[in-house]
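What the coordinates show
Chain residues, written in single-letter form:
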Amino acid sequence: MQLALFLIFGALAVAGALNLLFQRHPINSALSLVVVMMSLAVLYWSLGAEFLAAAQVIVYSGAIMVLFVFVIMLLNAGEEEHTNGSRAAYTVGMPGAAAIFCLLSFVFLSEGGALKTSNIGGDLGNGVDNIAAVSAMLFTKQLLPFEVTSILILVAILGAVVLARKEQ
Amino acid sequence: MNHLTNFEVFLLLSVLKVAVVLVITLMGVAYTVLLERKVIGYMQNRWGPTRVGPFGLLQPLVDGAKLFLKEDLMPLAVERPLYILAPVIALGCALVSIGVVPFGAETHVSINGSPGVDLFEVANVNIGLLVILGITSIGVYGIALSGWSSNNKYSLLGSLRSTAQVVSYELALGLSLVGVVLRAQSLNLRKIVEVQSTHGLLSWNFFGGFQFVAFFIYLMAAYAETNRSPFDLPEAESELVAGYHTEYSSMKFAMFFMAEYGNMITVSCVATLLFFGGASSPFGHLIPAFGGAVVQAILSVFWFVVKVFGFLFLYIWVRSTLPRFRYDQLMSFGWKFLLPLAVANIIVSSLVLALRG
């Protein structure tokens, strides 16, 4: 069951991500990104991280991507022009992507044993309430990073307000 | 049935439950439309539909047949795939979230000694409340895409309004539910109902849980989320023809229409579950259990349906009473009144709960 879910939604996520790159119209790309995020949410849930899955759907697909789509609709952005690509992208992009791929595969392969034994959030449907576990972790061990992140977001909000305010 | 494994029994029964719940929900949608037409008719001193069947009771069937038989016009300038996808998203999201709603007391029926299935809920999910919120937030895409892909200025304006409105009110809606979750210490809808079902009316979140502020925030935000009057700016007919579904005809229009009423039913179900004790009786243990398990199970569904019906009636009542908000009023009401109020409610609720231990 878990393997079937992984295969289906992993393939869907990869297909969505590729479609995001190949689509010329911004709204189609944005919708492909929604598909990617929803598939990721299903994968999280199949791993037992149900709260993460719900947060992924509510925050990313439900709020952030809706705003993306909203802005694209508001600006009525047309199809993108096809350019020949910048030289920087050609020279740095491919090696950069390859480097990140290598790094990630190295990390996962070397830490695979440790990941296998750690129980990320219980199994699907065994009734473990992992929200309590997540919040306990967030408010004890990870309190400093948590608060720093919220201050960071607050700064971003203030920045948006300053940018959006009309000049007197 | 010995040759079936537990998983197969579970699968078959789940499919059966989904089918039954879907049919009942769609019937509910059809008859909510009739209820609305009748009630608004009486409130405006006229009869409403009376011609088809006794009291117009067969009107929804005839309406459905009419919508099926109408010509499905496809405007030439639309963005075709998205234009077709939009009503599917809208209706799909409206119908999926009913799957986590427990509409009766927990009743397990065991088959051949295998672990029983819950009769009155399709899926008992740990994060039921978050699932409903998530699906509701996905439903916006139906409206947003329909307006954009129609290639019509009225549709686009309607969907822009709707998107902005839903995103703004989603915050207040989510925050208003925190008090309830704090009291139940769970996001599981069954557990939230369980907390409220000990002393009948007095232990409901609305009365005993002192969440009436949260309830009114929820109600107003939910009306805005479902684009119902007085927040029906996205389909304000005096300004925008019909808003986001101007270009739609036949069954595609019907899907938007059904999605709107399906969302109304979901919102009423959630209000019942979170603030009015779900399927629990308002008398608690004052009336001793009578009539055996079957009668009690049916009685719990009865209470649930009565409460949901009350909320649907309230929807219609509000629609025929209140005038529409102006756009700037809508925004300032959501951001400057409901949101701070919801935050204040969270602070007070959590303080009280913390002090009481």
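Just so we're clear, the structure is a prediction, and the values are computed from it rather than from any experiment. (Residues numbered from 1 in each chain as written. Chains lettered and ligands numbered in written order. Predicted model: local features only at pLDDT ≥ 70, side-chain atom pairs only at ≥ 80, totals over all residues. Heavy atoms only, no water.)

Broken down by element type, chain A carries six helices and zero strands. Looking at chain A as a whole, 23% of its 168 residues qualify as buried. Pairs at least 24 residues apart make up 62% of the contacts formed inside chain A by residues separated by at least 6 positions. As displayed, chain A has an accessible area near 12,000 Å², and 74% of this comes from carbon and sulfur atoms. (Helix = DSSP H or I, 4+ residues; strand = E, 2+ residues; numbered from the N terminus. Buried < 20%, exposed > 50% of the residue type's maximum accessible area, 1.4 Å probe, protein only. Contact = heavy atoms within 4.5 Å. Areas by Shrake-Rupley, 256 points an atom, 1.4 Å probe, with all protein chains shown as cover.)

A few words on the state of the cysteines. One covalent bond between the sulfur atoms of two cysteine residues makes up a disulfide. Residue and element names in this part refer to chain B. Counting across every chain of the model gives zero disulfides over all chains. Left without a disulfide partner, Cys 93 is nearest to the cysteine sulfur of Cys 269, which lies 16 Å away. We classify Cys 269 as buried; its relative accessible area is 4%. (Disulfide = S-S within 2.5 Å.)

This part takes up the packing of helix H10 (residues 250–275) of chain B against helix H11 (residues 292–321) of chain B. All names here are of chain B. Between H10 and H11, the least distance of the axes is 9 Å, while the angle of their chain directions is 125°. Of the possible angle classes, the one that applies to H10 and H11 is oblique. Judged by the twist between their axes, the crossing of H10 over H11 is right-handed. Along the contact surface, H10 presents Tyr 261, Met 264, Ile 265, Val 267, Ser 268, Cys 269, Ala 271, Thr 272 and Leu 273, while H11 presents Phe 304, Lys 307, Val 308, Phe 311, Leu 312, Tyr 315 and Arg 319. Residue classes in the contact of H10 with H11 are distributed as twelve nonpolar, two polar and two charged. (Axes fitted to C-alpha atoms, helices over the stretch in contact; angles between N-to-C directions. Parallel < 35°, antiparallel > 145°, perpendicular 65-115°, else oblique. Left-handed = near helix turned anticlockwise from the far one by under 90°. Nonpolar A, V, L, I, M, F, W, Y, C, P; charged D, E, K, R; others polar.)

The next subject is the environment of Pro 230 of chain B. All names here are of chain B. Mapped onto the elements of the fold, Pro 230 is located in the loop between helix H8 (212–225) and helix H9 (237–240). As a C-alpha pair, Pro 230 and Leu 322 span 92 residues in sequence and 6.0 Å in three-dimensional space. Excluding residues within four positions of it along the chain, Pro 230 makes contact with Tyr 223, Val 318, Leu 322, Pro 323, Arg 324 and Phe 325.

The subject of this paragraph is the pattern of salt bridges. Residue and element names in this part refer to chain B. Under the defined criterion, the tally for this structure stands at six salt bridges over all chains. Glu 36 is paired through a salt bridge with Arg 228; the nearest N and O atoms lie 2.7 Å apart. One end of the pair, Glu 36, is in helix H1 (residues 6–43); the other, Arg 228, is in the loop between H8 and H9, with 192 residues separating them in the sequence. The buried category is assigned to Glu 36, whose relative accessible area is 3%. What makes Arg 228 buried here is its relative accessible area of 2%. Sharing partners across several salt bridges, the network here consists of Glu 36, Arg 228, Glu 260 and Arg 319. (Salt bridge = Lys/Arg side-chain N within 4 Å of Asp/Glu carboxyl O.)

With that out of the way, let us pick up the side chain of Asn 345 of chain B. All names here are of chain B. Within the fold, Asn 345 resides in helix H12 (residues 327–355). Judged by its relative accessible area of 8%, Asn 345 is buried. Discounting residues that sit within four places of it in the chain, Asn 345 has contacts with Ser 176, Gln 211, Val 213 and Ala 214.

Residues and elements named next belong to chain B. Here Phe 337 shows up in helix H12. Residue class for Phe 337 comes out partly exposed when judged on its relative accessible area of 42%. With 165 residues separating them along the chain, Phe 337 and Ala 172 place their C-alpha atoms 9.5 Å apart.

Chain A puts 26 residues into the contact, and the matching count from chain B is 25 residues. Summed over both partners, the interface of chain A with chain B comes to about 2,100 Å²; 78% of that surface belongs to carbon and sulfur atoms. Three residues stand out in chain A for area buried against chain B, namely Ile 58, Val 66 and Met 73 of chain A, and they jointly supply 26% of the buried area on that side. Put simply, chain A and chain B have zero salt bridges between them. (Buried area = accessible area lost by both parts, 1.4 Å probe.)

Right, let's talk about the nonpolar core for a bit. One recurring pattern in soluble globular proteins: nonpolar side chains tend to sit buried together. In this structure, Tyr 141, Tyr 218, Leu 274 and Phe 275 of chain B are the most contacted members of the largest nonpolar core, which totals 105 residues. Once residues lying within four places of it in the same chain are set aside, the contact partners of Phe 275 of chain B are Ser 176, Leu 177, Val 180, Gln 196, Trp 204, Asn 205, Phe 206, Gln 211, Ala 214, Phe 215 and Tyr 218 of chain B. (Core = buried A, V, L, I, M, F, W, Y, C linked by side-chain atoms within 4.5 Å.)

Residue and element names in this part refer to chain A. Residues Leu 152, Ile 153, Leu 154, Ile 157, Leu 158 and Val 161 make up a contiguous nonpolar surface patch of about 600 Å² in total accessible area. Relative to the assigned elements, Ile 153 resides in helix H6 (residues 143–164). Overall, the relative accessible area of 49% leaves Ile 153 in the partly exposed class. (Patch = residues over 30% accessible without salt bridge, like charges linked within 9 Å, V, L, I, M, F, W, Y side chains within 5 Å.)

Okay, the domain arrangement of chain A next. Residue and element names in this part refer to chain A. According to the domain assignment, chain A contains domain 1 (1–79) and domain 2 (125–168). Inter-centroid distance (C-alpha atoms) of domain 1 to domain 2 is 22 Å. Each side of the interface is counted separately: domain 1 has four residues, and domain 2 has four residues. For the pair domain 1 and domain 2, the two sides together bury roughly 290 Å², of which 52% comes from carbon and sulfur. (Domains from an automatic or database assignment.)

Here we take up the environment of Phe 103 of chain B. Residues and elements named next belong to chain B. Note on placement: Phe 103 falls in the loop between helix H3 (80–96) and strand S1 (108–111). Spatially, the C-alpha atom of Phe 103 lies 36 Å from that of Tyr 327, the residues being 224 residues apart in sequence. Aside from chain neighbours lying at most four places away, what touches Phe 103 is Val 21, Phe 120, Glu 121, Ala 279, Val 301 and Phe 304.

Here H11 of chain B contains 30 residues, and its C-alpha end-to-end distance of 43 Å stays within 8% of the 44 Å for a straight helix at 1.5 Å per residue. Close packing links the buried residues of H11 of chain B with H1, H8 and H10 of chain B. (Expected span 1.5 Å × (residues − 1).)

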